[in-house]
Amino acid sequence: MEIIFLIDNRLYDKKLFSEHGLSILIKTDAGKTILCDTGLSGRFADNAEKLGEDLQKTDFAVISHGHNDHIGGLERFLQTNGTAPVYMSDKITGSLYYSSRGGKNHKISIDTSILESTFPERIVKVEKSRWLSEDTALVFNTCYKYPEPAGNKFLTAKSPKGTCEYPDDFLHEMSLVFRTPKGIIIISPCSHNGILNIAESCRKFAGTNDIFAFIGGFHLPDGGGEKEKDLAELSGMLEKLYPEMLLYTGHCTGETALSYLSESLHRGMMHEFYTGLKIFWQF
Ligand SMILES: [Fe+2]
Ligand SMILES: [Fe+2]
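How each quantity is defined
Throughout, a residue's number is its position along its own chain's written sequence, starting from 1. Here the convention is simple: chains get letters from A, ligands get numbers from 1, in the order in which they are written. Whole-chain, interface and lining totals are the exception, using all residues; otherwise, since this is a predicted model, local features are given only for residues with pLDDT of at least 70 and side-chain atom pairs are given and counted only at 80 or more. Processing note: side-chain calculations cover all non-hydrogen atoms of the structure and skip hydrogens and water entirely. What counts as a helix is a DSSP run of H or I of at least four residues, what counts as a strand is a run of E of at least two, and both are numbered from the N terminus. With the radius of gyration taken over C-alpha atoms, the globule rule is written as 2.2 Å times the number of residues to the power 0.38. Only protein chains enter the area calculation, which uses a 1.4 Å probe; residues under 20% of their type maximum are buried, those over 50% are exposed, and those in between are partly exposed. Residues count as neighbours in contact if any of their non-hydrogen atoms are within 4.5 Å of one another. The accessible surface values rely on the Shrake-Rupley method and a 1.4 Å probe; as for residues, cover is taken only from the protein chains in view. Asp and Glu count as negative and Lys and Arg as positive, but His and the ends of the chain are not part of the count. Charge placement uses NZ in Lys and CZ in Arg. For Asp and Glu, CG and CD serve respectively. Pairing between strands is defined by DSSP: at least two bridges between the two strands are required. Angles here are taken between N-to-C directions and fall from 0 to 180 degrees, while the axes themselves are lines fitted to C-alpha atoms, restricted in helices to the stretch in contact. The span one expects for a helix is its residue count, reduced by one, times 1.5 Å. Sites may look incomplete because water is not among the atoms; the donors themselves are N, O and S atoms within 2.8 Å of the metal, or within 3.2 Å for Na, K and Ca. The geometry test gives tetrahedral to four donors whose angles all lie between 85 and 135 degrees, gives square planar to four donors and octahedral to six donors whose opposite members are over 155 degrees apart with all other angles between 65 and 115, and gives irregular to the rest.

Colleague: What's the story with the overall build of the chain in this structure? I'm lost.
Modeller: Helix and strand counts for the chain come out as seven helices and 18 strands. For a compact globule of 283 residues, the expected C-alpha radius of gyration is about 19 Å, and the chain comes in at 17 Å, within 12% of that figure. C-alpha extents for the chain along the principal axes are approximately 50 × 45 × 40 Å. Counting across all 283 residues of the chain, residues that qualify as buried make up 55%. Put simply, of all contacts in the chain between residues at least 6 apart along the chain, 71% involve residues at least 24 apart. On the chain, roughly 12,500 Å² of surface is accessible, and the fraction owed to carbon and sulfur atoms is 50%. Both charge centroids of the chain, one from 30 positive and one from 37 negative side chains, sit 1 Å from each other.

Colleague: Hey, could you run me through the sheet that holds strand β5 (residues 86-89) in this one?
Modeller: Two modes of strand pairing occur in sheets, parallel and antiparallel, and in both the strands are linked by backbone hydrogen bonds. Spatial strand order, β8-β5-β4-β3-β2-β1-β18: seven strands in an open sheet with mixed pairing. In this open sheet, the two strands that pair with only one neighbour each are β8 (123-126) and β18 (278-280). Averaged over neighbouring strand pairs, the angle between their axes works out to 20 degrees when direction is ignored. The pairing of strand β4 (residues 60-62) with β5 spans two bridges and is parallel. Residue A61 lies in a different strand from β5, and its bridge partner there is V86. Relative to the sheet, helix α1 (residues 43-50) contacts β1 (2-7), β2 (23-27) and β3 (33-36), its axis offset from that of β1 by approximately 125 degrees.

Colleague: I keep staring at helix α5 (residues 195-206) and nothing clicks. Help me out?
Modeller: Every α-helical turn comprises 3.6 residues, leaving residues that sit three or four positions apart pointing alike. Spanning twelve residues, α5 covers 16 Å between terminal C-alpha atoms, matching the ideal 16 Å at 1.5 Å per step. Most of α5 sits inside the fold, with ten of its twelve residues counted as buried. If you check which residues of α5 are buried, you get I195, L196, N197, I198, A199, E200, S201, C202, R203 and A206. Two residues or fewer after α5 comes G207, characterised by a positive phi angle close to 70 degrees.

Colleague: Help me out: how do you make sense of the coordination of the iron ion (ligand 2) in this one?
Modeller: Ligation of the iron ion (ligand 2) by protein atoms is provided by H65 (NE2), H67 (ND1), C190 (SG) and H192 (NE2), these donors lying 2.2 to 2.7 Å from the ion. With four donor atoms in place around the iron ion (ligand 2) and angles of 88 to 174 degrees between them, the coordination shape is irregular. For the iron ion (ligand 2), the donor residues sit on a single chain with the sequence spacing H-x1-H-x122-C-x1-H. In this model, the iron ion (ligand 2) sits 3.5 Å from the iron ion (ligand 1), the two metals being bridged by C190.

Here you go:
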C-alpha cells in the first residue's frame, strides 16, 4: 500500500505547493487508486503532476467533510478526471459552514450545487457507514464518549434550507478505512469528532480491535483551546487503548500539540506528514 500526501500545510520540497488544506492519494494492494480530499485550491493536482501521479487513473475520490480546505479543489478534480465518482456525506451538499476563528465569522464551504449540476452523476451522497469493497469502507462517527477538539467551538453551520446558524455537529464528517492483515488503517483528514471517538467508531464498524495506523489532522491547532492537561489525557488514552497504533499527523495539528504528543507518546508511535511525503507499507 502506498500513501502520498499531495498537499498539506507543511512543505519540505520547494518544487511543490503547500496550503492550509489536505489531499491524500492512496494506492491499495487490491490495485485501486483513491483520492481522499482535494485541498483548498486545486493545487494538489499540480503537485500530483510534479510527483508523477496521473489523477486520471484515480478510481474514486472521497471528501471527508464539508470544509473548503478539503473540498475546495473538487472542481479541479472533476475536470482532471472525467469518470471517477466522488463520495461525500449527503449532509454536505447545500450546507454552508462558517468559522469565527481569528475573530471574524467567515464562510468555509463551497457551493456544491454548482458542481452537482455541472457534473451530474459524479457525486455520490453517502447517508450511512458502508463498505465500498471487501477492504475499503466509509465510516461516520458514532462514538461521543471522549472529548471533541476544543477548536470546534469556532465552527458553525447552516443547513441547506435553514436560515439560522448553529454549532457544527460534524455529522458530515466521515473517515476512509482500509482493512489490512495488520489491522485497519483510518484516514481522517480533520478529525473534528476527536481521534479517540473516530478510532472507536471505525474499529467497531470494521469489527476489530486492531488499528494499524491513524492518519490525519487531529484538529488541535495552536490557540485552539486545548490545555496541557487535555493533551496529557489524550496522550494517556492513546497509549492505553492503542499502544500498537501508528499515528501520522499534520494539517490542523499545531506545533504545540505535535511536539507534546511526540514527546509524551512512546518512541515510534508518532509521525509527522507533509506535502510530498510518500509512505509504503507491505502487508
Ligand atoms: Fe481541515
Ligand atoms: Fe475541517
